[in-house]
Amino acid sequence: MTAMLNINNLSVTVDGKQILKGLNLVVRAGEVHAIMGPNGSGKSTLAHVLAGRPGYEITSGSVSFEGLDLLKLAPEERARAGVFLGFQYPVEIPGVNNVYLLKAALNAARKQHGLQEVDAFEFLTLVRDKMKLMHIEDSFLSRGVNEGFSGGEKKRNEILQMLVLEPKLAILDETDSGLDIDALKVVAAGVNSLRSPARACVLVTHYQRLLEYVVPDFVHVLVRGRIARSGDRTLALELERRGYEWVAGEAA
Amino acid sequence: MSESLSSRIAADFATTAGALAGAPVATPRRRAALETLTAHGLPSTRDENWKYANLRTLERLRFVPAASAAAATNPSVLAADLPPALPGCARYLFVDGLFAPALSAPQVCDAARVTSLAAAAPLAQAAALQSAAWPEPQSVDERFLALNEAFATDGASIHVSSGSASIELLFVARADAQAGASYPRVELSLDAGASLTLIERHLSVAADNSFVNSAVTAQLGRGATLQHYRLQELGARAIVFDTLAATLAEEASYQLHGISTGAQSARSTLNIRLAGEGANLAMASVALGDRQQLQDTFALVQHLAPRTRTAQTFRGIAAGRARVAFNGKIVVANNAAGTDSQQSLRGLLAGADAEIDVRPQLEIYTDDVRCSHGATVGKLDDHMLFYLLSRGLEPDTAQRLLKWAFLQEVIARISLPALRREIEARLPGALQDTTLRALL
């Protein structure tokens, strides 16, 4: 099977400092990859670069997504092509209703695929359905985007957006951080509900706890801007036992 | 002010004084106003509160009233050009400063007495109110009020004795500035405990380059409540100088909502006196400038009695080469103990050549006060923008949505749903989705 996402020798600098150093990663449809690593190893940079956040300089390498040169696309084009970034720190936007954002985002994706705008009634039925899965109250719809949300609510909102948009590739940047165990299970259920042979998921995480609920096909350890070791889910357990020093020491 | 400008005002007054005799302003008051103008002139950009105003434009304007009785009784203003009627509101329409009964929809209401100023003697207290309104006699900030006083042709006198009323005043500017000026005038008086919702709307029909000099005076009695919406939607080349003076008695409550989007050059001068203990002002305004527009506001709020409160919110957006200015001055007098005053002034720069000036000023003469103020000018937030783009929104849509969000703090306070929807539809907002709203 051809790769959905093919990251080849990617090097990235931020403010002149090299963060990613020749990173390689192949993700095929249907797969869930976990990217783990110590603080500062470049995990979030990788997630942001894939989503097209400004402020990163690509010094070498390429990224193709479904045959498209991903790095040439604007952020909104990547989103409409089916790439979704779940933010580590979702942004509060007072004054913009959650429901408006959801509908605008869904319609942008539908337009891309030559579909008509979604009917308001059908849309609300769909959203309320997904909200139930994410344990989100109805009053959420008319609130500002992430406005006054707790950390857990923000993360559940990210997953709700993902469920509504049904991306081909979801990149979840530390979606598990700051969640208590109940919220973690809700988030995991949301992610699992979207697993399918046609979709893929990259979980960026610091701890292996999320991986007990969203079981990955592959685990990669990112150290100093490179993938230092790859394996199956048992690698995450081994990391938990031995700590990142173990891989970092090997990679040095 | 140049010699030629004051002599032109005097000359224009001389040619029209005969036609203006009597209502709505008594001749001695007109003459007094003219004397103030000829002796002291109109403000200049050297005057402290006028440095952003576009005063040069006055050099090429005519001051004679454009109003003609024929136009008002047989107006070519088409109903189709007017905004939709607001449910439950009586409408009074003025064309170039003259009452147009044919286009008005008055409602008989026990609570309020609405009179065309030209048809009735003006309220007796109006003169006294005006001269007491400014901190120093013959302040330069009240000169445009004097100009209105000298040339006013008509206006609305609204007196609410008890109960509540809802009234819409539409001031339609139709005349080319070369034909003369329009002098809208409103005199409000609310007796103790009375309540009024007033929509005051200025718009252009036909010519888009009218010269408008509007004046509003308001007197709120003890415990009276005024909900006042001021919409400035004049044509793209219009020039407007506006003055509002309000005085609040004990426990009176004034909610002032300003939405200024129109005109080439707009200046609004507000003077609100919290004269009675416990008087309360909530003032929220929006000004939008694009192209080469100027939106300039000077708001003076005077706390003159104990336990008075002000909450002032301003949101301005400047795009293109526009300039948006808001100068909010709050004075707390030495007897105004227990005053609470909050100012939140924010500007959004949406164009590389645009300019925004927000300036909070506090003058406090007593110790027992709580005053806070914040003033910021910035661009759209990069994090917010990227968040929206990462969800697939077009950059243009994302920017409009964020501008919309920026204004929401003011717009959300509009408590008349029909008016709010109409205003929202014309803001640089996005995603007008009435079906969605209806379903929620």
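Please read these numbers as outputs of a predicted model, since none were measured by experiment. (Residues numbered from 1 in each chain as written. Chains lettered and ligands numbered in written order. Predicted model: local features only at pLDDT ≥ 70, side-chain atom pairs only at ≥ 80, totals over all residues.)

*Asks:* Please provide a residue-by-residue account of the overall build of chain B, values included.
*Replies:* Across its full length, chain B carries 9 helices and 20 strands. In chain B, which comprises 440 residues, the proportion classed as buried is 53%. Sequence separation of 24 or more characterises 84% of the internal contacts of chain B that already satisfy a separation of 6 or more. (Helix = DSSP H or I, 4+ residues; strand = E, 2+ residues; numbered from the N terminus. Buried ≥ 20, exposed ≤ 12 C-beta atoms within 10 Å, placed from the backbone. Contact = placed C-beta atoms within 7 Å.)

*Asks:* How would you explain helix 6 (residues 181-193) of chain A if you had to name every residue and give the values?
*Replies:* An α-helical turn contains 3.6 residues, so any two residues separated by three or four positions project in the same direction. Residues and elements named next belong to chain A. Taking 1.5 Å of rise per residue, the 13 residues of helix 6 would be expected to cover 18 Å, and the 18 Å separating its terminal C-alpha atoms lies within 8% of that figure. What helix 6 keeps buried is the set Leu 184, Val 187, Ala 188, Gly 190 and Val 191. Around the axis of helix 6, the buried residues are gathered within 155° of arc, so they sit on the same side. Buried residues along helix 6 sit in contact with helix 4 (120-133), helix 5 (151-165), strand 9 (169-173) and strand 10 (200-204). (Expected span 1.5 Å × (residues − 1). Arc of directions from axis to C-beta.)

*Asks:* Break down the domain arrangement of chain B for me, citing the residues and quoting the values.
*Replies:* Residues and elements named next belong to chain B. Split by domain assignment, chain B resolves into domain 1 (3-276) and domain 2 (381-440). Counting from both sides, the interface comprises 7 residues of domain 1 and, opposite them, 7 residues of domain 2. When the residues that make up the side of domain 1 that touches domain 2 are grouped by side-chain class, the tally is 6 nonpolar, 1 polar and no charged. (Domains from an automatic or database assignment. Nonpolar A, V, L, I, M, F, W, Y, C, P; charged D, E, K, R; others polar.)

*Asks:* Report on the sheet that holds strand 12 (residues 253-260) of chain B, specifying residues and quantitative values.
*Replies:* Residue and element names in this part refer to chain B. Ordered in space as 2-1-5-8-10-12-14-16-18-20, the 10 strands form an open sheet in which the pairing is mixed. Looking along the sheet, the strands with just one partner apiece sit at the ends: strand 2 (98-99) and strand 20 (369-378). Relative to strand 5 (residues 164-173), strand 1 (residues 90-95) runs parallel, the two being bridged by 6 bridges. Looking across to strand 5, one finds that Ala 90 is bridged to Ile 167. This element, helix 7 (residues 395-411), spans strand 14 (280-289), strand 16 (309-318) and strand 18 (339-349) of the sheet and lies at about 160° to strand 16. (Pairing = 2+ DSSP bridges. Axes fitted to C-alpha atoms, helices over the stretch in contact; angles between N-to-C directions.)

*Asks:* So what about the environment of Pro101(B)? Which residues, and what values?
*Replies:* Residue and element names in this part refer to chain B. As for its position among the elements, Pro 101 is in the loop between strand 2 and strand 3 (112-116). Owing to 14 C-beta atoms within 10 Å, Pro 101 belongs among the partly exposed residues under this scheme. Along the chain, Pro 101 and Arg 91 lie 10 residues apart, while their C-alpha atoms are 9.8 Å from each other.

*Asks:* Go over the pairing of strand 1 (residues 3-14) of chain A, please, and point to the residues and values.
*Replies:* Residue and element names in this part refer to chain A. The pairing of strand 1 with strand 2 (residues 17-28) spans 8 bridges and is classified as antiparallel. Each bridged residue has a counterpart across the sheet, and for Thr 13 the counterpart in strand 2 is Gln 18. A loop of 2 residues connects strand 1 with strand 2, the two strands running antiparallel in sequence, and Asp 15 in this loop sits at a positive phi of about 50°. As defined by bridge partners, strand 1 adjoins strand 4 (residues 57-65) across 7 bridges and the pair is classed as antiparallel. Within strand 4, the position partnered with Asn 6 by the bridge is Ser 64.

*Asks:* Got a sec to walk through the packing of helix 2 (residues 27-40) of chain B against helix 5 (residues 143-151) of chain B? Specific residues and values, please.
*Replies:* Residues and elements named next belong to chain B. Contact pair helix 2 / helix 5: the axes reach a minimum separation of 8 Å and the direction vectors enclose 140°. With respect to their mutual orientation, helix 2 and helix 5 come out oblique. As for the relative orientation of helix 2 and helix 5, their crossing is left-handed in sense. Across from Arg 29, Arg 30, Ala 33, Leu 34, Thr 36 and Leu 37 in helix 2, the residues of helix 5 making contact are Arg 143, Ala 146, Leu 147, Glu 149 and Ala 150. Taken together, the residues of the contact of helix 2 with helix 5 break down into 6 nonpolar, 1 polar and 4 charged. (Parallel < 35°, antiparallel > 145°, perpendicular 65-115°, else oblique. Left-handed = near helix turned anticlockwise from the far one by under 90°.)

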